[in-house]
Amino acid sequence: MVTRLVMCHTAEMTPEELHAVRGLLDEAFRDFTDHDWGHTLGGQHALVVEDGVVVAHGALVMRRLLHVGRSLRTGYLESVATRPDRTRRGHADRVMTALESLAPAYDVLALSASEAGIPLYESRGWQLWRGPSSVLAPGGITRTPADDGSVYVLGGSDLDLDGELTCDWRDGEVW
């Protein structure tokens, strides 16, 4: 079995690769929407490919987070997933290592974790954002209490993890 890691920007992916990644994400997440897919595009992708089949994926896209009067250039992880029949083989670790290697380009890395993903992120040193979460919505800053306790960050050692964190607006799930 030939396994390789591929790093590429969305613009470098073929329609077939994009279709394969979307299929993986639809299979891995029960409720993966077109908005979720849109959030995945426009950044760097890490793909684990086994014998020509995409078995794991993650993307790092640019976002802005507001914290204590600062606008943080944020690498935001999206759509980290492994095919259900290929889990527990280290694929997610390879994806995370590749995406985390891009951290020097950002003030902080961030993500919104699913329950299943928390052990992976915590084992890699990601920290839970304990403070309240909000979004800079068209009508102004709006609390997102349903997202409290799901946001994790890596880096940004000068951040107050108990302070408010506000993400930029986007359609669908804002975090």
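Described in the following lines is the structure provided in the data block.

Reading the values: the criteria
- Residues numbered from 1 in each chain as written.
- Predicted model: local features only at pLDDT ≥ 70, side-chain atom pairs only at ≥ 80, totals over all residues.
- Heavy atoms only, no water.
- Salt bridge = Lys/Arg side-chain N within 4 Å of Asp/Glu carboxyl O.
- Helix = DSSP H or I, 4+ residues; strand = E, 2+ residues; numbered from the N terminus.
- Buried < 20%, exposed > 50% of the residue type's maximum accessible area, 1.4 Å probe, protein only.
- Expected span 1.5 Å × (residues − 1).
- Arc of directions from axis to C-beta.
- Contact = heavy atoms within 4.5 Å.

Considering the pattern of salt bridges
- This structure, assessed with the given rule, holds 13 salt bridges.
- The partner of arginine 22 in a salt bridge is aspartate 34, and the shortest N-O contact between them spans 3.2 Å. You can see arginine 22 sitting in helix α1 (residues 15-28) and its partner aspartate 34 sitting in helix α2 (residues 34-40), a full 12 residues away along the chain.
- With relative accessibility at 60%, the residue aspartate 34 sits in the exposed group.

Focus: α1
- Its 14 residues place the ends of α1 20 Å apart at the C-alpha level, agreeing with the 20 Å of an ideal helix rising 1.5 Å per residue.
- Considered for burial, the residues of α1 that qualify are Val21, Arg22, Leu24 and Leu25. The buried residues of α1 occupy an angular sector of 160° when projected down its axis, which confines them to one face. Exposed positions of α1 whose direction lies more than 90 degrees from the buried face are Pro15, Glu16 and His19.
- Turning to α1, the residues buried within the fold contact α2, β2 (44-50), β3 (53-67) and β4 (70-82).

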